[in-house]
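Structural overview for review
Here is what each chain is made of, one letter per residue.
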Amino acid sequence: MAIILGEKPTNENEQEIIRAFMEVFISAGGMKLMEHSYIENSFVNTFEYQLTKNGMFYKSRVVWGGDYADNETGLEHNLHHLTNDFPDKNLTTKLRNEDIKSTKDYPYIINHSKKQFVDKQKCSSIHPLPLLTAEGNGRGGGDYRGTKTDLIGTWSRDVLSVEKEKPNDYKELICNFEE
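Now for a description of the structure that goes with this document.

Rules used in this analysis
- Residues numbered from 1 in each chain as written.
- Predicted model: local features only at pLDDT ≥ 70, side-chain atom pairs only at ≥ 80, totals over all residues.
- Heavy atoms only, no water.
- Helix = DSSP H or I, 4+ residues; strand = E, 2+ residues; numbered from the N terminus.
- Contact = heavy atoms within 4.5 Å.
- 1 Å grid on protein atoms, 1.4 Å probe; cavity = no way out; pocket = protein on both sides within 12 Å on 5 of 7 lines; lining within 4 Å.
- Points joined across faces, edges and corners; volume = space filled by probe spheres on them.
- Nonpolar A, V, L, I, M, F, W, Y, C, P; charged D, E, K, R; others polar.
- Buried < 20%, exposed > 50% of the residue type's maximum accessible area, 1.4 Å probe, protein only.
- Pairing = 2+ DSSP bridges.
- Salt bridge = Lys/Arg side-chain N within 4 Å of Asp/Glu carboxyl O.

**So, the environment of Glu-179**
Along the polypeptide, Glu-179 turns up in the segment after strand S8 (171-172). Beyond its immediate sequence surroundings of up to four residues, Glu-179 is in contact with Met-34, Ile-126, Tyr-144 and Gly-146.

Below you can see the structure in the form of structure tokens.
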């Protein structure tokens, strides 16, 4: 489940705010992480487009919230399960009914928090966005178990965008994931 978070809490008594989320379309290949985490997958493209300048969530904090992720601090549930408390923030139906936009013209995933970028043109068939932002990977069936597992989740909760041009002052992260 792809989740857009609100601003970071200003003190430890506040919780992160789920601004919006999308559930994986059944038609997009499956709900498990590796059933939909590939280049040109309709669900990933639809979510990714929302991170472009034309989308609703340009430069937002992103989590690919797995059902096996750790519970949120001080709560009895993780982000995946907390989405049940916010049915009005589910964008799945609205975005699924739109024409699915291709993101081929947006080859760069930018991490503004870490000042890094990924060039999707250098990736194999596995899409880096779900893997870099995944929480709970390796705890259930259908998770990623291939190469570069140390990168899984390293961009979770960071501010991201998807761009047509790479930033000059950011460092490229090479993450050609292979199963």
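**Observations concerning the layout of surface pockets**
For the largest pocket, the calculated volume is near 360 Å³. Elements with a contribution of two residues or more to the lining of the largest pocket: helix H1 (33-36), strand S3 (60-65) and strand S6 (134-135). Counted by class, the lining of the largest pocket contains seven nonpolar, seven polar and five charged residues.

**Notes on the pairing of strand S5 (residues 116-119)**
Here S5 shows no split at all, with Gln-116 and Val-118 on one side and Phe-117 and Asp-119 on the other all buried. In this structure, strand S4 (residues 108-111) lies alongside S5, joined through four bridges in antiparallel fashion. In the strand pairing of S5, Ile-109 is matched with Val-118. As consecutive antiparallel partners, S4 and S5 are separated by four residues, and within that stretch Lys-115 has a phi angle of approximately 55 degrees, a positive value. Two elements, S5 and S8, share two bridges in a ladder whose sense is parallel. When the sheet's bridge partners are listed, Phe-117 is paired in S8 with Glu-172.

**Topic: the side chain of Asn-45**
By secondary structure assignment, the location of Asn-45 is in helix H2 (residues 42-49). Not counting residues within four places of it along the chain, the set of residues in contact with Asn-45 comprises Glu-40, Lys-101, Ser-102 and Thr-103.

**Considering the pattern of salt bridges**
This structure, assessed with the given rule, holds six salt bridges. Note that Glu-72 is salt-bridged to Arg-157, the shortest N-O span being 2.5 Å. Taken together, the residues span a long stretch of sequence, with Glu-72 in the loop between S3 and helix H3 (79-82) and Arg-157 in the loop between S6 and strand S7 (159-163) at a distance of 85 residues. The buried category is assigned to Arg-157, whose relative accessible area is 17%. Across the pair Arg-157 and Glu-135 runs a salt bridge whose closest N-O atoms are separated by 2.7 Å.

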